[in-house]
Every structure is written in C-alpha cells, then in structure tokens.
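Reading the structure
Given next are the chains, with one letter for each unit.
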Amino acid sequence: IRVRPLTCTETHRGDRQVVHSLSDGTVHVSAARHDAIFRFSAVFDAGASQEAVFEGSGMRQLVELAIDGFSCTVFAFGQTGSGKTYTLMGPLAQSETQAVSPALLGLMQRSFACLLERSRSCSSDLALSASYLEIYNEQVRDLLSPGPPCALPLRWSKTHGFYVENQLSVDFESLEAITDLLLQAGSQRRQTSAHALNRHSSRSHALLTIHVRSRAVSGPEHHPPSMWVPQPSACPSKQGTLCFVDLAGSERVKETGSRGELSVEANNINRSLLALGHCISLLAKPGGKRTHIPYRDSKLTRLLARSLGGSGITLMVACISPSSRCLSETLSTLHYASRARRVTTRP
Ligand code: ADP
Ligand code: MG
C-alpha cells in the first residue's frame with residue numbers, strides 16, 4: 001500500500017487526513033463513522049521515497065525473478081489521482097528540456113536500470129526487448145506502432161493462453177533507449193484527459209512488457225585464452241517477462257465531472273476494473289482455482305489471466321489518498337487489495 005501526501009489543493013480546501021500508516025505494516029483509517037485497521041505485507045506512508053518503495057516492495061526481487069525466467073507482473077491500482085503513475089514512472093517532466101530528478105524516478109526506470117546493470121555484468125548475457133499496449137474503450141492498441149492507433153486482435157491458444165496478435169516488440173540496450181520509448185509512447189500517445197480529480201488522468205490501462213532472454217555464459221576467465229572453445233548452449237536459455245500495468249483509475253462519474261465521451265471512457269474503465277475485482281474475489285476464495293474464473297469478461301482480465309491466476313508472480317501496489325474526501329474510494333481500494341493478497345499463483 002502506498003499512501004500519497006495530501007496535495008496542495010486538498011490542504012487548501014482543509015481536507016482532513018483520515019489515513020495513517022503504522023510502522024508494523026498496518027493502515028489505520030479513522031473518520032467519523034469509520035475506524036478500521038488493515039494489514040499488508042508493506043505499507044509506505046507519505047514520506048516514503050521512490051527508492052524506499054522500490055527496495056521495500058519486492059520490486060528488486062521481481063526483476064531478479066524475471067531474469068531467472070519467471071513471468072512477473074507489477075500493477076498499480078487505485079482511485080484516479082491516488083499516485084499510480086507517480087509510483088510507476090515518477091512525476092511528469094515539467095518541460096521537454098528539464099529532466100526529472102533521479103531521486104523521483106519510479107519503479108519502472110529503477111527496474112530498467114537494474115536489468116541493464118545485470119546485463120552488463122559478466123555473469124549473464126541478457127537480450128532485452130519491450131512491447132507496450134494500452135486498452136482504451138475495450139480495444140487493445142499498440143503504443144509502439146507508428147501512425148494512428150489501430151486495434152489489435154486478442155486471441156487465445158492452448159500453448160500461449162491469451163495473447164495479442166501482431167504486437168510490436170523493440171529491442172533495447174540502453175537506459176536512454178527504453179526511457180525514450182516509455183516517454184514517447186506512454187506520455188504522448190496514451191489517452192489522457194484532464195478532469196476534476198487529476199489534470200493528467202490516464203484514460204486507458206497501459207501494459208509495458210519487458211521480455212528478458214538470458215543465457216548464462218561460461219566465463220572465459222576459467223580457460224587460458226588459447227584454450228577457449230565456445231560451448232554452444234552449454235546452459236539452457238531462459239525467457240522471463242516483467243510486465244508493468246498502470247491501470248486507469250476507478251472513478252465515480254459524479255465526482256470527476258465527466259460527460260459525453262469522458263463518461264463512456266469512465267464506464268469502460270469501471271466495467272473492466274469490476275471484472276478484474278470479480279476475478280480476484282473468486283481466485284481469493286478457498287478452492288477458488290477450481291471454480292470457473294471469468295477472465296473473458298474484459299480485455300484487461302484476459303491479458304492479466306496468467307498474472308492473476310496462473311504461473312506468474314505478481315506484485316500489486318495499491319495507491320490511496322489520505323484525504324477525508326476520498327474516504328469511500330480508499331476503503332474500497334483497501335478491501336480490494338486485502339482480497340488480492342489472498343490470491344496464490346503457482347510460479
Ligand atoms: P494516478 O495515476 O493514480 O491517477 P498520479 O500518479 O497522476 O495519479 O498522481 C496525481 C498527482 O499526485 C500528481 O500530481 C503526482 O505528482 C502527485 N503524487 C502522487 N503520489 C505522490 C507522492 N508519493 N509524492 C508526491 N506527489 C505525489
Ligand atoms: Mg495515472
């Protein structure tokens with residue numbers, strides 16, 4: 001759980017702080033008619049740095065597991081304006097020329113740095129590539145393809161499960177390359193619009209997948225150079241993935257002042273989040289694996305099927321606002337996250 005600080009607007013309005021995090025991994029919500037304590041594996045309060053979230057959430061381990069060949073997913077979840085994009089990517093750059101301070105970079109950039117550091121270290125040989133999709137109004141779009149966005153078909157096969165046909169994937173070898181890709185595709189092409197709760201609200205779910213192919217190289221230091229014989233595939237190669245999911249925030253149309261096209265978007269967002277919540281509830285029930293899980297109810301749940309119930313390893317970061325005005329959304333996020341904690345996968 002990550003509790004963001006009160007924003008200037010909230011402070012000026014005189015909103016009260018109703019969420020307090022305690023040091024033992026619990027969140028205390030106390031308001032006039034609510035007093036509840038929730039326990040999680042990690043809780044970050046308003047003062048927690050981006051680095052503390054990276055180190056304390058298990059994100060670094062997730063990167064290591066992706067290198068080891070596991071399918072790893074991290075998702076940021078929570079109400080619009082609760083800090084999901086901030087947690088994953090850091091604050092938006094104020095201008096093209098002014099870069100964001102390294103201390104504020106999010107989980108994504110920190111994970112890329114970690115991956116690239118490992119790929120340069122002599123013990124491993126990693127090939128990295130990325131694909132980037134958004135789900136907007138129940139259509140899957142490729143954020144990396146040039147030209148106007150077009151919808152890609154989402155298919156199912158016995159061997160691959162659900163997959164997106166014809167999605168582009170781009171190789172990268174440097175931090176600059178992947179960061180540029182993220183910023184260009186993500187901030188400029190992704191659907192965002194301003195409304196009452198957040199000036200840059202994401203109106204789509206975005207999924208960035210890093211494919212990690214690794215092959216252990218037998219170190220040449222064990223042999224004198226003249227005796228060095230290359231050993232093809234001495235070690236089996238591994239293929240892992242690291243998927244970052246920035247969910248569009250849940251919102252109540254009344255609060256955000258959305259009308260017309262915006263309210264169609266809001267309804268699509270809410271419907272897919274509801275489908276996600278439904279799958280999580282069923283998976284969290286004892287013996288839930290044996291019941292039918294309605295992944296087919298939305299594009300989002302199809303794409304996340306493996307992360308939620310299959311062979312993946314998943315980290316869910318639930319973001320909340322401490323403000324009294326967000327109380328009901330905060331409680332619903334906390335309940336949602338408590339259910340998600342009970343889901344187990346078989347990596
Ligand atoms: P979301 O993606 O959930 O809609 P954002 O990440 O865009 O929300 O955050 C909304 C606003 O709050 C942004 O201006 C962001 O910079 C700010 N913010 C969010 N989390 C934090 C934090 N932990 N520390 C400082 N500012 C934050
Ligand atoms: Mg966002």
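Residues numbered from 1 in each chain as written. Chains lettered and ligands numbered in written order. Predicted model: local features only at pLDDT ≥ 70, side-chain atom pairs only at ≥ 80, totals over all residues. Heavy atoms only, no water.

Applicable threshold: UniProt positions are given in the numbering used here, feature names are shortened, and annotations may be inferred rather than shown by experiment.
You'll find the protein entered in an unreviewed UniProt entry as Kinesin-like protein, with Grus americana given as the organism. Quoted verbatim from the Sequence similarities (unreviewed entry) field of UniProt, the annotation for the protein is "Belongs to the TRAFAC class myosin-kinesin ATPase superfamily. Kinesin family." On record in UniProt, under Subcellular location (unreviewed entry), the comment for the protein is "Cytoplasm, Cytoskeleton".

**Notes on the pattern of salt bridges**
Which entries qualify depends on this criterion: Whenever Lys or Arg places a side-chain nitrogen within 4 Å of a carboxyl oxygen from Asp or Glu, that contact is recorded as a salt bridge. Numbering of helices and strands starts at the N terminus; helices are DSSP runs of H or I of at least 4 residues and strands are runs of E of at least 2. Exposure is judged per residue with a 1.4 Å probe applied to protein chains only, and the accessible area is read against the type maximum: over 50% gives exposed, under 20% gives buried, and values in between give partly exposed.
Enumeration according to the criterion identifies eight salt bridges in this entry. With a closest N to O distance of 2.4 Å, Glu64 and Arg118 form a salt bridge. Of this pair, Glu64 sits in helix 3 (residues 59-67) while Arg118 sits in helix 5 (residues 107-120), and the two are 54 residues apart along the sequence. Relative accessible area serves as the criterion here: at 30%, Glu64 is assigned to the partly exposed category. Its salt-bridge partner being Asp68, residue Lys238 comes within 3.7 Å of it at the nearest N-O pair. Here Lys238, found in strand 15 (residues 238-246), pairs with Asp68, found in the loop between helix 3 and strand 5 (71-77); they are 170 residues apart in sequence, far enough to count as distant.

**Points about the environment of Val100**
Relative to the helices and strands, Val100 resides in the loop between helix 4 (84-89) and helix 5. A C-alpha to C-alpha distance of 8.0 Å links Val100 and Gly90, two positions 10 residues apart in sequence.

**A few points about helix 5**
For clarity, the threshold we go by: Each helix should span, by expectation, one fewer than its residue count multiplied by 1.5 Å.
Taking 1.5 Å per residue, 14 residues should reach 20 Å; helix 5 reaches 20 Å between its end C-alpha atoms and fits that length. Taken as a whole, helix 5 has its buried residues at Leu107, Met108, Gln109, Arg110, Ser111, Phe112, Cys114, Leu115 and Leu116.

**Side note on the UniProt feature "binding site: ATP" (unreviewed entry) in the protein**
Under the convention used in this document: Throughout, a contact is declared for two residues whenever any of their heavy atoms are within 4.5 Å. Counted as a polar contact is a pair of N or O atoms within 3.5 Å, where, for protein atoms, one must be capable of donating a hydrogen and the other of accepting one, and residues adjacent in sequence contribute only when both atoms are in side chains.
As recorded in UniProt, the sites labelled "binding site: ATP" (unreviewed entry) are Gly78, Gln79, Thr80, Gly81, Ser82, Gly83, Lys84 and Thr85. Structurally, the position occupied by Gly81 is in the loop between strand 5 and helix 4. Accessibility expressed as a relative area gives 22% for Gly81, which makes it partly exposed. Mapped onto the secondary structure, Lys84 falls in helix 4. Among the residues examined, Lys84 registers a relative accessible area of 6% and is labelled buried. Leaving out residues up to four positions away in the same chain, Lys84 has contacts with Ala76, Phe77, Gly78, Gln79, Asp246, Leu247, Ala248, Gly249 and Cys319. In terms of polar contacts, Lys84 uses its side chain to reach the backbone carbonyl oxygen of Gly78, at 3.0 Å.

**Thoughts on the pairing of strand 4 (residues 34-39)**
Rules: One requirement defines pairing of two strands: DSSP has to find at least two bridges between them.
The pairing of strand 3 (residues 26-31) with strand 4 spans six bridges and is antiparallel. Note on strand 4: the bridge partner recorded for Ala31 is His34. What sits between strand 3 and strand 4 in their antiparallel hairpin is a turn of two residues.

**Brief notes about the sheet that holds strand 4**
Basically, it comes down to this: Every axis in this analysis is a line fitted to C-alpha atoms, fitted for helices over the stretch in contact. Angles between the N-to-C directions lie between 0 and 180 degrees.
Read across the sheet, three strands follow the order 2-3-4 without closing on themselves; strand pairing throughout is antiparallel. Strands with a single pairing partner mark the edges of an open sheet, and in this sheet they are strand 2 (19-22) and strand 4. This sheet shows a mean twist of 20° between the axes of neighbouring strands, independent of strand direction. Packed onto the sheet, helix 11 (residues 327-341) meets strand 2, strand 3 and strand 4 and runs at close to 30° relative to strand 4.

**Points about the packing of aromatic side chains**
This is how the line gets drawn: Side-chain rings of Phe, Tyr and Trp (the six-membered ring for Trp) are treated as a pair once their centres are within 6.5 Å; stacked means planes under 30 degrees apart, edge-to-face means over 60, and tilted covers the remaining angles.
A full pass over the atoms with the stated rule returns four aromatic pairs. Pairing Phe112 with Phe244 gives two aromatic rings, centres 6.0 Å apart and planes at 80°, and the pair type is edge-to-face. Highlighted residues: Phe112 in helix 5 and Phe244 in strand 15, separated in sequence by 132 residues. Comparing Phe112 with Phe244, the two get one shared label, buried.

**Some remarks on the nonpolar core**
What counts is decided by this rule: Buried Ala, Val, Leu, Ile, Met, Phe, Trp, Tyr and Cys residues form a nonpolar core when they are joined through side-chain atoms within 4.5 Å.
Core analysis: the largest hydrophobic core is formed by 48 residues, its most contacted members being Ile1, Val27 and Leu276. In terms of residue count, helix 8 (residues 261-284) provides more of this core than any other element does, eight residues in total. Not counting residues within four places of it along the chain, the set of residues in contact with Val27 comprises Ile1, Val19, His20, Ser21, Ala36, Ile37, Phe38, Phe40, Val43, Ile320 and Leu334. Core analysis: the second largest hydrophobic core is formed by 42 residues, Ile67, Leu116, Leu182 and Leu242 among them.

**Considering the confidence of the model for the protein**
Keep this limit in mind: Summary of the metric used: pLDDT quantifies the predictor's per-residue confidence within the range 0 to 100.
Mean pLDDT for the protein: 84, with 82% of residues reaching 70 or above. The model gives residues 193-197 a pLDDT under 50, and that stretch makes 22 contacts with residues more than four places away or in other chains.

**Section: unusual backbone geometry**
Leaving glycine out, the prevailing phi sign among residues is negative, and the prevailing peptide bond configuration is trans. Backbone geometry at Asn137 places phi at a positive 45°, although glycine is not the residue there. In this structure, Asn137 sits in the loop between strand 6 (124-136) and strand 7 (139-142). Assessed through its relative accessible area of 28%, Asn137 is described here as partly exposed.

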